[in-house]
Amino acid sequence: MATLTVPQSVPSPSEDCEQLRKAFAGWGTNEALIISILAHRNAAQRKAIQETYQQAYGEDLLKALEKELSSDFERIVLLWTLVPAERDAFLANEATKMLTKSNWVIMEIGCGRSSHDLFLVRQAYHARFKRSLEEDVAYHTSGDFRKLLVHLVSAFRYEGPEVNMPLARKEAKILHEKICEKAYSDDEVIRIISTRSKPQLNATLNHYNNEFGNAINKDLKANPEDEFLKLLRAAIKCLTCPEKYFEKVLRLAINRLGTDEWALTRVVATRAEVDMQRIKEEYHRRNSVPLDRAIAGDTSGDYEKMLLALIGHGNA
């Protein structure tokens, strides 16, 4: 369930553009006006605003925002204003760059999106960077990481609810055998994790737990410091229980010494229109503190206000 709140009566894109233009005028930027518009428009409405702004003023809205804003507030506004596929394409490309390299972001995009959404990300990546997402991920990773991540971003999983229980039992046995052999990056392990539908994968992992007495992620903790195993465990959690995966990303971002604003920004921007309500509930259950209070205690200013607006905080 999304936390984005859109007013019952939404102004036309032209009216929104006029107001944004006003927010940029004069000596100081009216950040509150920017938040009141962009933080309360869905992806289709934000796209219409971008197109109308370009037509009306001959300027890219994102470039106008870039000129007016700065720091973490600029990043959350720019990421949010992009439609989801373009945002993910940008994040994936950024995650392949030397200074902002992140296997975790690539994994999130491969595991945390529907098949259709991931297909749109690949299309958006083609259009923007004139290369495929798969080739860039393959070029900028190596070894077991490349093997897993290229498969994850290339996937087009079945989205239906059907589950094949004999297959679940068979593949649970395969996973258990490979884990016992410590063959964590075996082709069969990668195939099952990267191609099976989410309901099928859940059935397989439930059978694994029942048959062999441990959750698979517990058995994958043989070496807690192994970076590939950490990524594989995270991929499984992101695929089967995304609210728990994203709750942990938020918890680590907020609780560390010095907030990890990039992780906090990424999760809020990418999940506010998807399942942020469930993530908030999981965060409260796990930490005994509401997410909005945790964010308010760890951030400030317009950045804080934008985050709180996107997670559906009443006063934002």
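First, a word on scope: everything that follows refers to the structure included in this document. Please read these numbers as outputs of a predicted model, since none were measured by experiment. Within any chain, residue numbers begin from 1 and follow the written order of that chain's sequence. The model is predicted, so local features are restricted to residues of pLDDT at least 70 and side-chain atom pairs to those at 80 or more, both for listing and for counting; the totals for chains, interfaces and linings are taken over all residues. Excluded from the side-chain calculations are hydrogens and water; all other atoms, namely the structure's heavy atoms, are used.

1. What about the overall build of the protein?
Each helix is a run of DSSP H or I of at least 4 residues and each strand a run of E of at least 2, with the numbering of both proceeding from the N terminus. Helix and strand content of the protein: 20 helices and 0 strands. Here the protein has a C-alpha radius of gyration of 21 Å; the compact-globule value for 316 residues is 20 Å, and the two agree. For the protein, the spread of C-alpha atoms along the three principal axes comes to 65 × 45 × 40 Å. Buried means the residue's accessible area, taken with a 1.4 Å probe over protein chains only, is under 20% of the maximum for its type, while exposed means over 50%, and partly exposed covers the values in between. Expressed as a percentage of its 316 residues, the buried residues of the protein come to 50%. Of the accessible surface of the protein, which amounts to about 15100 Å², a share of 51% is contributed by carbon and sulfur atoms. For the protein, the centre of its 44 positive side-chain charges and the centre of its 45 negative side-chain charges are spaced 4 Å apart. Our radius of gyration looks at C-alpha atoms and nothing else; its globule reference is 2.2 Å times the residue count to the power 0.38. Computed by Shrake-Rupley with a 1.4 Å probe, the accessible areas treat only the displayed protein chains as cover when residues are assessed. For the purpose of counting charges, residues Lys and Arg are taken to be positive, whereas Asp and Glu are taken to be negative. His and the chain ends are not included. Note on charges: their place is set at NZ of Lys, CZ of Arg, CG of Asp or CD of Glu.

2. Observations regarding the packing of helix α9 (residues 133-140) against helix α10 (residues 143-154)
To describe two helices that pack against each other, one gives the angle between their axes and the distance between the axes. The angle between two axes is taken between their N-to-C directions and runs from 0 to 180 degrees, where each axis is a line fitted to C-alpha atoms and a helix contributes only its stretch in contact. Interaxial distance between α9 and α10 falls to 9 Å at its minimum, and their mutual angle equals 170°. Relative to α10, the element α9 is oriented roughly antiparallel. For the pair α9 and α10, contact is made by Leu133, Glu134, Val137 and Ala138 and by Arg146, Leu149, Val150, Val153 and Ser154, respectively. Under this scheme an angle from 65 to 115 degrees is roughly perpendicular, one under 35 degrees roughly parallel, and one over 145 degrees roughly antiparallel; angles in between are oblique. Residues count as neighbours in contact if any of their non-hydrogen atoms are within 4.5 Å of one another.

3. Quick word on helix α13 (residues 198-212)
If you check α13, its first and last C-alpha atoms are 21 Å apart, about what 15 residues at 1.5 Å a residue would give, namely 21 Å. Of the residues making up α13, those classed as buried are Gln200, Leu201, Ala203, Thr204, Leu205, His207 and Tyr208. Each element contacted by the buried residues of α13 is listed here: α11 (165-180), α12 (187-195), α14 (216-219) and α15 (227-240). Its side-chain oxygen at 3.1 Å from the backbone nitrogen of Gln200, Ser197 defines the N-terminal cap of α13. Just beyond α13, the residue with positive phi is Gly213, at close to 85°. Expected helix span is taken as 1.5 Å per residue step, with the number of steps being one fewer than the number of residues. N or O atoms within 3.5 Å of each other form a polar contact, as long as, within protein, one can give a hydrogen and the other can take it, and as long as residues adjacent in sequence are counted only when both atoms are side-chain atoms.

4. Examining the packing of aromatic side chains
In this analysis, rings of Phe, Tyr and Trp, with Trp reduced to its six-membered ring, are considered paired at centre separations within 6.5 Å, and the interplanar angle assigns stacked below 30 degrees, edge-to-face beyond 60, and tilted for intermediate values. In total, this model carries 7 aromatic pairs according to the counting rule given. A centroid spacing of 6.3 Å and a plane angle of 70° characterise the contact between Phe24 and Tyr53, whose relative ring orientation is edge-to-face. Here Phe24, found in helix α1 (residues 13-24), pairs with Tyr53, found in helix α3 (residues 43-57); they are 29 residues apart in sequence, far enough to count as distant. The residues Phe24 and Tyr53 share a single accessibility class, namely buried. Between Tyr245 and Phe246, the ring centres sit 4.9 Å apart and the planes meet at 80°, which makes this aromatic pair edge-to-face. Note on accessibility: Tyr245 and Phe246 belong to one class, buried. Counting every residue linked through ring pairs, the aromatic cluster contains Phe24, Tyr53 and Tyr57. The ring of Trp80 has Arg46 lying over it, and the distance from NZ or CZ to the ring centre is 3.8 Å. Above the ring of Trp262, the side-chain terminus of Arg75 is found at 3.6 Å from the ring centroid. A ring is considered to have a charge above it if a Lys NZ or an Arg CZ atom is located within 6 Å of its centre and within 35 degrees of its normal.

5. Some thoughts on unusual backbone geometry
Despite not being glycine, Ser71 shows a phi value in the positive range, around 60°. The residue Ser71 is located in helix α5 (residues 71-81) in this model. Phi angles above zero are rare outside glycine, and Lys182 is one such case at about 60°. Its location among the elements puts Lys182 in the loop between α11 and α12.

6. Concerning a positive patch on the surface
On the surface, a cluster of positive charge is made up of Lys218, Lys221, Lys237, Lys244, Lys248 and Arg286. Summarising the element assignment, Lys237 is placed in helix α15. The residues that make up patches have over 30% relative accessible area and no salt bridge, and they are joined within 9 Å when like-charged or within 5 Å when they are Val, Leu, Ile, Met, Phe, Trp or Tyr. Any Lys or Arg side-chain nitrogen found within 4 Å of a carboxyl oxygen on Asp or Glu counts as a salt bridge.

7. Overview of the environment of Cys180
Residue position: Cys180 is located in helix α11. Classification of Cys180 as exposed rests on a relative accessible area of 52%.

8. Structural notes on the side chain of Asp16
When you line up the elements, Asp16 lands in helix α1. Here Asp16 is in contact with Pro11, Ile37, Arg41 and Ile49, once residues within four sequence places are set aside.

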